[in-house]
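# A look at the structure
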Amino acid sequence: MAKSLKTFARESAIKKEVATWTIKDCNDYLNKHKYDNVKPNSLMAKKLNIVMKHQKILEKIKLAEQMEGKQREELLKDVPFDLLIKNAPKEVRDPEDKKLRNYQKHTGVYLWSLGYDIDKFIGAGCSAVVWKCKDEKAMRVACDNKLLGFIKISNSASEIKDSNKIEAILQNNPKNSKYLFSTKHIKDVGKSGKAVFETELAKHGDLQKFQGDNSYKKNIERILQMASDALKGLKALHDSGYSHNDIKPDNILVGEKPKKDKTSRINLKIADFGAMTKIKNTYKIFTNRNFHAPDFYKISKGAVEGRDIYSLGCIFIGLLIEDKNFSENYQNLAKQLTSIKSENFFNKYLKDIYQNIIEPEKDILIEFLDLISKMVQSSYSNRISIDNAIINIKKLKKDIKDIKEQKQIKQFKSNVIQELKNNFKNKSK
Ligand SMILES: Nc1ncnc2c1ncn2[C@@H]1O[C@H](COP(=O)(O)OP(=O)(O)O)[C@@H](O)[C@H]1O
Ligand SMILES: [Mg+2]
């Protein structure tokens, strides 16, 4: 039955007024009018209930701002997520980074409600959003994601399985933790399709970001060290029976490792195991095509690790060449590098770096290029195996160390001679 204009006007006025009430106003109203006088299913009774509940929740959220960790989590555990999204502290629900999409912002609110004090957003891929926390930890929230609303491209439940597999690999051989980046699963969020993982913070972010800083490129020693870390990470994964399938610069994290002499060195770790598969099975898997070997979908059962070697070879090309020249895609570069006209590649991209290093290092650069070209062969059967690649890089690292030592000895000798000469001069004065 249509409402009379009068009823409608009255209800709207009540709604408008009641909506602004605080819990105290509700209580005052109830004290004055006695709850019994408000018919249980009257609009006023319903509205009062909603307003009171809502107000209580808002007060809880306010109170939670002063709490930390478990206490905050406990207080907020029954609060509906949509109210958290609207009412969490401003810096949490509306972080500075303007690029963030809503669903990405919401992961920050979620972490806050679990008691984490998030500091800033540090990265996101297709499946996860990662936040730096004030205590220098990184929290990764994997979300169910659908492409165009129907193909599931990531799945928080499978992320949990992957995390458990990596944990098992690391438990079997703790040394692997030097090269594989583990994320410990700590919480799932049931129906909402989110899972939360805790990880250490990679000081320099992912390799893509790190490469924005060109200053390290002229240092062959460091490049070889980075390549060696990545190869060892891949070997650890392959030896455990898995192929990564999504090797690209944003899935390699760059940290810093203390050395015995109290200095530190850059170290790389392989991360993001969301596309990992068992080597003995072949799967169609959808990952970044820029790093796919030409035979990515053709490699037969039991040989899928060859996909990773090619992708890593592409990354090594990226480690060497200056970004400002780098406009072409990786497969194209790999093709140029493996063709008989590889000098063109060299002249176009590596002349600068070649001119800036000393003679013996030049040979090492050429040998490293040779290794890369063996990794990015277009056909799997011609590609170098991971074990041989590691042997190669180990030798190159030793060579560069020898060169450095010889350089130091030479320098030392010349210093001594200079000192003797000075002494002699002083004495003869
Ligand atoms: N522990 C970490 N420290 C620093 N940056 C990180 C860390 N974990 C992830 N990132 C950043 O977040 C991005 C997305 O993380 P990733 O695990 O690759 O998620 P996805 O599966 O969605 O690709 C990474 O490319 C990297 O830039
Ligand atoms: Mg990723």
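Notes on the structure follow.

Analysis parameters
- Each chain has its residues counted from 1, running along the sequence as written.
- Chains and ligands are labelled by the order in which they are written, letters from A for the one and numbers from 1 for the other.
- Confidence filtering applies because this is a predicted model: local features only for residues at pLDDT of at least 70, side-chain atom pairs given and counted only at 80 or more, and all residues used for totals across whole chains, interfaces and linings.
- Backbone-placed C-beta atoms define the burial measure: a residue is buried with 20 or more other C-beta atoms within 10 Å of its own, exposed with 12 or fewer, and partly exposed in between.
- Runs of E in the DSSP output that reach at least two residues are strands. Runs of H or I that reach at least four are helices, and both are numbered from the N terminus.
- Any two strands between which DSSP finds at least two bridges are classified as paired.
- Using a C-beta atom placed from the backbone for every residue, we mark a residue as near a molecule or strand if that atom lies within 6 Å of it.
- Each residue is assigned to one class: nonpolar for Ala, Val, Leu, Ile, Met, Phe, Trp, Tyr, Cys and Pro, charged for Asp, Glu, Lys and Arg, and polar for all the others, Gly among them.
- Think of a nonpolar core as buried Ala, Val, Leu, Ile, Met, Phe, Trp, Tyr and Cys residues chained together by C-beta atoms that fall within 7 Å.
- Throughout, the edges of the domains are those of an automatic or database domain assignment.
- This entry defines residue contacts through backbone-placed C-beta atoms, with two residues in contact when those atoms are within 7 Å.
- The span one expects for a helix is its residue count, reduced by one, times 1.5 Å.
- All axes are obtained by fitting lines to C-alpha atoms, using only the stretch in contact for helices, and the reported angles, taken between N-to-C directions, cover 0 to 180 degrees.
- The labels follow the angle: roughly parallel below 35 degrees, roughly antiparallel above 145, roughly perpendicular from 65 to 115, and oblique for the rest.
- Handedness of a crossing is defined here by the sense of rotation of the near helix relative to the far one, left-handed for an anticlockwise turn of less than a right angle and right-handed for a clockwise turn.

Our focus in this paragraph is the pairing of strand S3 (residues 137-143). Among the seven residues of S3, six are classified as buried, and the element is accordingly described as predominantly covered. Where strand S2 (residues 128-133) and S3 come together, five bridges link them in antiparallel fashion. Note that in S3 the partner of Lys 132 across the bridge is Ala 138. In this antiparallel pair of consecutive strands, S2 and S3, the connection spans three residues, and Glu 136 shows a positive phi of 70°. With seven bridges connecting them, S3 and strand S7 (residues 194-200) associate as antiparallel partners. Bridge pairing in S7 links Met 139 to Glu 198.

A separate point is the site of ligand 1. Every one of the 21 residues lining ligand 1 counts as a neighbour, but Gly 123, Gly 125, Ala 202, Asp 206 and Asp 272 are closest to it. Listed by contribution, the elements that provide at least two residues to the shell around ligand 1 are strand S1 (118-124), S2 and S3. Counting residues per element, the shell around ligand 1 draws most heavily on S1, at three residues. Residue composition of the shell around ligand 1, by class: ten nonpolar, seven polar and four charged.

Take the nonpolar core next. Of all hydrophobic cores here, the largest spans 60 residues; its most connected members are Ala 227, Ala 230, Ile 270, Leu 312 and Met 375. Here the element with the most residues in this core is helix H10 (residues 220-239); it accounts for ten residues. Composition of this core by domain shows at least three residues from each of domain 2 (81-199) and domain 3 (210-412). Residues within four places of Met 375 in sequence aside, it is in contact with Ile 309, Tyr 310, Leu 312, Gly 313, Phe 316, Arg 383, Ile 384 and Ala 389. Ranked by size, the runner-up nonpolar core spans 23 residues in total, among them Ala 88, Tyr 110, Ala 128 and Ala 142.

If you check H10, its first and last C-alpha atoms are 28 Å apart, about what 20 residues at 1.5 Å a residue would give, namely 28 Å. Of all 20 residues in H10, 14 are buried, a share of seventy percent or more. Positive phi shows up at Gly 241, right after H10, with a value of about 95°.

Take unusual backbone geometry next. Positioned with a positive phi, Glu 136 is a non-glycine residue whose angle comes to about 70°. Structurally, Glu 136 is set in the loop between S2 and S3. Positive phi outside glycine occurs at Asp 272, with the angle close to 55°.

The interhelical angle for the contact between H10 and helix H15 (residues 386-428), taken along N-to-C directions, is 155°, at an axis separation of 10 Å. Our classification of the angle between H10 and H15 gives roughly antiparallel. Two packed elements cross with a definite hand, and for H10 against H15 that hand is left-handed. Each of Ile 220, Glu 221, Leu 224, Gln 225, Ala 227, Ser 228, Leu 231, Lys 232, Leu 234, Lys 235 and His 238 in H10 lies in contact with H15, whose residues at this interface are Ile 386, Ala 389, Ile 390, Ile 393, Leu 396, Lys 397, Ile 400 and Lys 404. Broken down by class, the residue content of the contact of H10 with H15 amounts to eleven nonpolar, three polar and five charged.

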